[in-house]
Amino acid sequence: MMAEAGAGGPRLAELLALGRRLWDELEASTEPSSGAPVVQDKVRQGLDALQRAAAMVTQLELFSENEELEEIASADLKFMLLPALLGALTLKQVDLSRRREHLENAREHFLRFLKLCRNYGLGSFQLPPGTSGEEENGSPVGPRDPGQPNLVAMAMSRTAKIERYKQKKELENKLASMSSSVESGTADEDQIREFYILQIQKWISTSLEEIESIDQELVILKSRDAARLAPAGPRGPSRPAKALVKPFILTRDAAQARVFGAGYPGLPTMTVDDWYEQRRKQGIVSTPQRLPAGLGEPGSPPCPSPPAGANDEEMQKQQQETEEEEDDEEALRKARDWDDWKDTHPRGYGNRHNMG
């Protein structure tokens, strides 16, 4: 089966080389925006080349779950990187309306790469928890309060990240020292095999980091989508809209309304009775309760006194109502006097300033 990989010929290798070259150019790009047309054009070209190469690898059945790492030809090891490169390029897409879709696709590519590596015993790592419903082997942690942070797991995760970072730096240094001989064709088969295995181990570390970052972003996006789709909660009783009141001149009677209306054509006039009737229809004021004839007028018999046995609280209440009525009569008398004065003193009366 490994010999058939060579039958894939230069075309398969060329597609992988094109995808790798475009990826390297994107990583070294000095474009200020990842959404620049030239950047996104390279992303599309790279994805197209790598997807075609991945389809050829699947058709050739280049890798199998029933074989060991030693059974893979050294020249074919580099094709194991295809899912990781596809995941990395998928993350370079910037269409915000499809961001969640791109994140999920990239995660699937990285996960496929990690499963392939684990199947061949490349690297010592654990798949992300909950992957495909699998229970990954790890340090047993007893039941805990879900409201409390898992300090043991946090410490292990931090230690693993530090260790992965150190290993990644060591791998990058080794790859830099070996790349020239491999690319020039002067390296022997053992050196080529070691070079590709080191590349695979480096991308294992990168894939684990990217999956962790993707999972964090997916949580944020899902929460945002849920909040957007959730129905708006009650915000308290709505207040009725206040009706806009247009300015007008309040007059005592219809005759006075005609006089003021002629002098102020820009403002409508309204008599006191009309104004009161309008307010009553709007429900702002209520119809007053009229007293029996004769009561409350000058010279009329006094209001009936409280029945015998009435307590002090009732007497105080009745006295307060009587005082309020007297205050209203006094205010009404002053208002009428003011209206009478305005009838005999036209607007501007006594203003002798600025006259020639």
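Going by the structure above, here's the rest.
Read on for an overview of the structure. Predicted model, so just to flag it, every value in this text is computed and none were measured.

On to the overall build of the protein chain, then. Check the secondary structure of the protein chain and you find ten helices and two strands. Reading the protein chain from its N end, one meets helices and strands in the order α-α-α-α-α-α-α-β-α-β-α-α. Looking at the protein chain residue by residue over its 356 residues, the buried ones come to 26%. As presented, the protein chain carries roughly 25,400 Å² of accessible surface, and 52% of it is formed by carbon and sulfur atoms.

Per the stated rule, a full pass over the model turns up 13 salt bridges. Of the charged contacts in the structure, one is a salt bridge between Lys92 and Glu27, with a shortest N-O distance of 3.0 Å. Separated by 65 residues along the polypeptide, Lys92 in the loop between helix 4 (82–90) and helix 5 (99–119) and Glu27 in helix 2 (residues 9–27) bring together distant segments of the chain. Among the residues examined, Glu27 registers a relative accessible area of 47% and is labelled partly exposed.

Phe63, Met80, Phe113, Leu122 and Ile204 are the most contacted members of the largest nonpolar core, which totals 57 residues. Mapped onto this core, the elements with two or more residues apiece are helix 2, helix 3 (37–60), helix 4, helix 5, helix 6 (151–184) and helix 7 (189–229). Among the elements that make up this core, the one with the highest residue count is helix 7 (twelve residues). Filtering out sequence-adjacent residues up to four positions away, Leu122 remains in contact with Leu69, Met80, Cys117, Ile197, Ile200 and Ile204.

Further remarks concern the packing of aromatic side chains. Tallied over the full model, the rule gives three aromatic pairs. A centroid spacing of 5.8 Å and a plane angle of 55° characterise the contact between Trp23 and Trp203, whose relative ring orientation is tilted. Separated by 180 residues along the polypeptide, Trp23 in helix 2 and Trp203 in helix 7 bring together distant segments of the chain. Residue classification places Trp23 among the buried positions, given a relative accessible area of 13%. Considering the side-chain rings of Phe63 and Tyr120, the 6.4 Å spacing of their centres and the 75° angle between planes classify their relative orientation as edge-to-face. Here the residue Phe63 occupies a position in the loop between helix 3 and helix 4, and Tyr120 occupies one in the loop between helix 5 and helix 6, the gap between them amounting to 57 residues. Residue Phe63 shares its accessibility class with Tyr120, and that shared class is buried.

This part covers helix 5. With 21 residues, helix 5 extends 30 Å between its outermost C-alpha atoms, agreeing within 8% with the 30 Å of an ideal straight helix rising 1.5 Å per residue. Taken together, the buried positions of helix 5 are occupied by Arg99, His102, Leu103, Ala106, Arg107, His109, Phe110, Leu111, Phe113, Leu114, Leu116 and Cys117. Buried residues along helix 5 sit in contact with helix 4 and helix 7. Just past helix 5, the residue Gly121 takes up positive phi, approximately 70°.

Let us now look at unusual backbone geometry. Its identity as a non-glycine residue notwithstanding, Glu61 has a phi of 50°, on the positive side. As for its position among the elements, Glu61 is in the loop between helix 3 and helix 4. Glu61 sits in the exposed class, given a relative accessible area of 54%.

Rules and cut-offs
Residues numbered from 1 in each chain as written. Predicted model: local features only at pLDDT ≥ 70, side-chain atom pairs only at ≥ 80, totals over all residues. Heavy atoms only, no water. Helix = DSSP H or I, 4+ residues; strand = E, 2+ residues; numbered from the N terminus. Buried < 20%, exposed > 50% of the residue type's maximum accessible area, 1.4 Å probe, protein only. Areas by Shrake-Rupley, 256 points an atom, 1.4 Å probe, with all protein chains shown as cover. Salt bridge = Lys/Arg side-chain N within 4 Å of Asp/Glu carboxyl O. Core = buried A, V, L, I, M, F, W, Y, C linked by side-chain atoms within 4.5 Å. Contact = heavy atoms within 4.5 Å. Phe/Tyr/Trp six-rings, centres within 6.5 Å; stacked < 30°, edge-to-face > 60°. Expected span 1.5 Å × (residues − 1).

Honestly, that's just the spatial picture; any functional story needs more than this.
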